[in-house]
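Structural characterization, general
Chain by chain, the residues:
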Amino acid sequence: MVNPIKEGWLTFKSIFTGMGITMRHLFQPSVTLQYPDEREELPPGARAQLYVNIDDCIGCNLCARACPVNCIDIETVKATDDVDLGKTSTGNPKRFWLTRFNIDMAKCMYCDLCVHPCPTDCINMVPEYEYSEFDRSNFVFHFSNLSPEMVAEVKEKAEEEAERKKKEKEEMMRKKAEEKKKKELEEKKKAAEEKANKENETNEEDSKNENSENDDKE
């Protein structure tokens with residue numbers, strides 16, 4: 001059976017407690033941020049949007065390999081011998097064109113695993129959390145600074161150089177094979193001459209021995 005006195009006392013106590021909390025906060029400064037005019041500042045080390053300083057990227061692909069959800073898509077083209085791409089701010093030489101460096105933030109799980117393997121510290125998580133989109137494709141961030149025309153030119157030039165080096169290598173291998181064959185023929189010829197000389201010397205010695213034997217008999 002419900003005790004009305006006890007129930008009334010519990011109700012009064014809860015109301016009194018709630019009013020006490022309300023009165024305690026009534027005269028304190030407001031802690032509500034007036035968003036979007038005011039925005040929350042993320043603490044250091046917070047995991048948010050990924051950013052790539054493409055000028056410091058060397059195309060090592062370590063970040064893409066470390067990503068557990070494959071949200072990083074990188075395409076590189078080796079620079080030709082007549083091009084010097086310079087060095088990064090950390091002193092690492094740049095040997096590849098970054099023809100594509102895309103990050104799909106819709107797939108990103110904010111694990112931060114891609115940041116630590118980077119040898120040039122070019123990929124980081126920045127305190128940016130406002131990038132809502134209506135179109136899912138807009139979550140793919142493009143960091144390559146090469147135009148489509150430049151990408152096509154770089155690829156064509158790299159293919160031409162690769163083809164030239166392939167022909168040079170084939171020609172070098174052919175010359176080496178010819179030199180090896182020529183050397184083997186010379187060695188065979190030399191061996192045949194030495195063999196013939198030895199046979200002649202043996203025949204001459206045999207002839208001398210026969211003559212000396214005949215002289216002894218006489």
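Residues numbered from 1 in each chain as written. Predicted model: local features only at pLDDT ≥ 70, side-chain atom pairs only at ≥ 80, totals over all residues. Heavy atoms only, no water.

1. Some points on the overall build of the protein
For the record, the criterion: Only DSSP runs of H or I reaching four residues or more are called helices, and only runs of E reaching two or more are called strands; each is numbered from the N terminus. Working rule for contacts: check all heavy atoms of both residues, and any pair within 4.5 Å makes them a contact. The protein chains shown are the only cover counted for residues, whose accessible areas, like all others here, come from Shrake-Rupley with a 1.4 Å probe.
The secondary structure content of the protein amounts to three helices and five strands. Scanning the protein from its N terminus toward the C terminus, one meets helices and strands in the order α-β-α-β-β-β-β-α. Partitioning the contacts of the protein with sequence separation of at least 6, the portion at a separation of at least 24 is 74%. Here the protein has roughly 17,200 Å² of accessible surface; of this, 53% comes from carbon and sulfur atoms.

2. Description of the sheet that holds strand E3 (residues 96-104)
Selection rule: Paired strands are those between which DSSP finds at least two bridges. The angle between two axes is taken between their N-to-C directions and runs from 0 to 180 degrees, where each axis is a line fitted to C-alpha atoms and a helix contributes only its stretch in contact.
Strand order in this open sheet of three strands is E2-E3-E5, and the pairing throughout is antiparallel. Each edge of the open sheet carries a strand with a single partner, namely strand E2 (72-78) and strand E5 (140-142). Between one strand axis and the next, the sheet turns through 15° on average, direction left out of account. As defined by bridge partners, E3 adjoins E5 across three bridges and the pair is classed as antiparallel. Bridge assignment links Asp104 to a residue of E5, and that residue is Val140.

3. Considerations on the nonpolar core
Cut-off, in case you're wondering: Among buried residues, the Ala, Val, Leu, Ile, Met, Phe, Trp, Tyr and Cys ones that are joined through side-chain atoms within 4.5 Å form a nonpolar core. Exposure is judged per residue with a 1.4 Å probe applied to protein chains only, and the accessible area is read against the type maximum: over 50% gives exposed, under 20% gives buried, and values in between give partly exposed.
Formed by 24 residues in total, the largest nonpolar core has its most connected members in Leu50, Val52, Ile72, Phe101, Ile103 and Ile123. Here this core gets three residues from one element, more than from any other, and that element is E3. If sequence neighbours within four positions are ignored, Ile103 has contacts with Leu50, Val52, Cys71, Ile72, Ile123, Phe139, Val140, Phe141 and Phe143.

4. Points about the confidence of the model for the protein
Spelled out, the test is: The pLDDT value expresses, per residue, how confident the predictor is, ranging between 0 and 100.
Of the residues in the protein, 86% have a pLDDT of 70 or more, and the chain-wide mean is 84. When pLDDT is averaged over each helix and strand of the protein, the minimum, 68, is found for helix H1 (residues 4-26) and the maximum, 96, for E3.

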